[in-house]
Amino acid sequence: MSRSLGLTAEARSAVFAPLAGPGRSEQVEQRMREAIVLGLVGHGERLPRETELARQFGVAVSTVREALDALRGQGLVRTTRGRDGGSFITSSEEGQRELLAARLSRFSRAQLHDLALQLGAISGTVAATAAVRATPSDIENLRSITQSIDVDNEVSARRGEALFRVEVAAAAQSPRLVAEELRLQAEYGPLLWFGMRDQALRHAVLRSQLALIEALGERDGASARMIVDEQLSVLTAGAISFADQTRAGADEATVGAPTTLDHCVALVVDTFDTVFSTLGRARDAFATTLAGLAHPITKAALDGSVRALAEAELADGAQLVIGAGFVATPGFVDDAAWHLAWWVRQAGDPLVQRLPPRQLAVVEDPESEFFRDYTRLEWWRGVASGESSHITGPYVDYLCTDEFILTLTMPVFDASGAQPGVAGVDVTVSALEARFLPALGRLGERVTLVNAQSRVVLSTDPSIAAGTLLHGGGERVPCGALPLALVQH
């Protein structure tokens with residue numbers, strides 16, 4: 001394959017490396033799409049023949065053929081017959097921009113910041129490792145890339161940044177780091193390019209590249225890592241700003257709508273009150289159903305009485321609620337000492353199919369090393385201590401959804417006044433961003449929603465990530481009786 005892009009052998013071998021495990025056409029398609037989106041193979045470039053691609057990926061020719069069919073359907077590849085025929089890249093700048101803009105629109109701020117952390121963890125390690133392993137010729141190669149970039153041209157700057165990052169990874173001399181850098185660059189890196197429409201940002205990126213080259217030449221791994229982190233922070237803020245502008249343009253009905261801080265406080269309070277009201281009705285309905293169940297109560301009987309209520313909350317949650325159900329007090333269920341009757345919304349593609357909620361499966365055997373005592377968690381302790389309702393979070397829900405969420409819980413009581421368990425719902429930070437940020441953004445100032453511990457839920461400032469702690473002053477406006485506040489700063 002042509003080396004017209006100047007890729008090192010390490011970088012190119014990572015793109016076309018054999019697949020791990022059984023090869024599927026979707027994996028080949030993804031790997032090829034990554035190379036196209038990153039600009040590692042350019043418009044008009046000829047791909048190896050199907051048999052050669054199959055050999056490189058370690059899959060059957062039919063698998064490669066299916067992947068190429070999918071790429072042709074996406075307009076990324078065209079195939080011609082005859083002596084000079086073959087498969088050629090047809091990705092235009094406009095086509096790539098549309099593809100990436102559509103992808104960017106699916107990311108919330110919280111998800112973009114989280115992806116930046118993940119990319120920074122890899123890219124920072126790559127840079128620090130390259131500072132130890134890069135040769136003088138590697139440094140010169142990186143310098144030549146920066147010299148070839150026309151910083152006044154957005155396309156040149158974007159492609160130069162992508163190539164620069166891959167070559168830094170290649171200089172680290174680690175196949176795994178190169179492969180991971182390529183994967184994350186394809187998943188997240190191109191989204192940063194939207195911010196590079198701003199010329200000042202392109203010049204800032206070039207300065208960071210030159211500073212990184214100097215750090216690598218001086219074998220200064222700590223500085224190299226810091227330069228990468230700072231650059232990713234700037235690029236992330238740029239991508240978020242672009243996404244905000246796009247969403248504002250798509251929602252013209254809200255432009256110019258009158259908004260005050262009091263309106264925003266009311267919006268937050270009304271949103272959570274609505275969720276709690278729905279949860280309260282489901283909790284009361286469950287308590288009534290529970291009273292009619294035959295004792296001893298089994299897991300099957302409990303699940304059967306919870307499922308319809310949980311699914312109704314997921315259906316009526318206006319896309320805010322991602323999980324719902326009942327968590328039993330230890331010993332309440334006869335055939336399980338611990339039990340969660342919990343259902344989680346499945347993403348799916350709403351244009352293709354609407355997947356039904358799935359029941360959460362967790363380890364309930366206290367003897368297992370993977371068992372988790374949920375009575376030690378805040379969402380349980382909050383209502384077990386006598387509160388009528390409780391909000392936990394934001395936090396990373398690694399037990400259920402792998403999302404950044406808030407959990408709303410209420411105690412369940414039986415006729416005798418005993419508490420058989422806790423009813424609750426999970427609300428995603430991404431959904432709250434979509435609900436609150438348009439109104440907060442119209443205030444024209446920095447406003448951040450925080451919990452009682454000053455942990456950030458969301459902010460109009462694109463540099464403030466959800467989950468971080470908000471330090472410093474600012475007017476703190478309570479959101480009614482909720483353990484939340486809006487901070488003007």
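In short, a report on the structure. (Residues numbered from 1 in each chain as written. Predicted model: local features only at pLDDT ≥ 70, side-chain atom pairs only at ≥ 80, totals over all residues. Heavy atoms only, no water.)

Comments concerning the pairing of strand S2 (residues 86-89)
Okay, so step 1: When strand S1 (residues 77-80) meets S2, the two strands line up antiparallel, connected through four bridges. Its bridge partner being in S2, Val 77 is matched across the sheet by Ile 89.
Okay, so step 2: With antiparallel pairing between neighbouring strands as the criterion, S1 and S2 make up a hairpin whose turn holds five residues, including Gly 82 at a positive phi of roughly 105°. (Pairing = 2+ DSSP bridges. Helix = DSSP H or I, 4+ residues; strand = E, 2+ residues; numbered from the N terminus.)

Remarks on the layout of surface pockets
Okay, so step 1: Put simply, the second largest pocket is a space of about 660 Å³.
Okay, so step 2: For the second largest pocket, the lining is made up of 27 residues, of which Ala 110, His 113, Asp 114, Leu 115 and Leu 117 are closest to its centre.
Okay, so step 3: If you list the elements that add at least two residues to the lining of the second largest pocket, you get helix H6 (109-133) and helix H12 (221-250).
Okay, so step 4: The greatest single-element share of the lining of the second largest pocket, amounting to ten residues, is contributed by H6. (1 Å grid on protein atoms, 1.4 Å probe; cavity = no way out; pocket = protein on both sides within 12 Å on 5 of 7 lines; lining within 4 Å. Points joined across faces, edges and corners; volume = space filled by probe spheres on them.)

Quick notes on unusual backbone geometry
Okay, so step 1: Residues His 295 and Pro 296 are joined by a peptide bond in cis, for which omega reads 0°.
Okay, so step 2: Position of Pro 296 relative to the elements: it lies in the loop between helix H13 (261-291) and helix H14 (299-316).
Okay, so step 3: Following Gly 393, the chain continues into Pro 394 via a peptide bond in cis, with omega recorded as 10°.
Okay, so step 4: The backbone phi angle of Arg 219 is positive, close to 60°, even though this residue is not glycine.
Okay, so step 5: Given the relative accessible area of 45%, Arg 219 is considered partly exposed.
Okay, so step 6: A positive phi angle is found at Ser 454, which is not glycine, with a value near 65°.
Okay, so step 7: Examined against the element boundaries, Ser 454 turns out to sit in the loop between strand S9 (447-451) and strand S10 (456-459). (Buried < 20%, exposed > 50% of the residue type's maximum accessible area, 1.4 Å probe, protein only.)

A word on the pattern of salt bridges
Okay, so step 1: Tallied over the entire structure, the rule returns eleven salt bridges.
Okay, so step 2: Taking the shortest distance from any N to any O, the salt bridge between Arg 72 and Asp 69 comes out at 2.2 Å. Placement of both Arg 72 and Asp 69 in helix H4 (residues 61-73) is noted, with a separation of three residues, approximately one turn of the helix.
Okay, so step 3: In this structure Arg 72 comes out as partly exposed when scored by relative accessible area, which is 26%.
Okay, so step 4: Between Arg 165 and Glu 161 there is a salt bridge whose closest N-O contact spans 3.0 Å. Taken as a pair, Arg 165 and Glu 161 lie in helix H8 (residues 154-171) at a separation of four residues, close to a single helical turn. (Salt bridge = Lys/Arg side-chain N within 4 Å of Asp/Glu carboxyl O.)

Section: the sheet that holds strand S4 (residues 340-344)
Okay, so step 1: With respect to topology, six strands assemble into an open sheet ordered S5-S4-S3-S8-S7-S6, the strand pairing being antiparallel. Pairing within the sheet leaves two strands with one partner each, and these edge strands are strand S5 (358-359) and strand S6 (390-396).
Okay, so step 2: Each of S6, strand S7 (404-412) and strand S8 (421-428) is contacted by helix H16 (residues 429-441), which is oriented at about 60° to S8, the strand it contacts most. (Contact = heavy atoms within 4.5 Å. Axes fitted to C-alpha atoms, helices over the stretch in contact; angles between N-to-C directions.)

In short, the description is geometric, and any link to function would need to be established separately.
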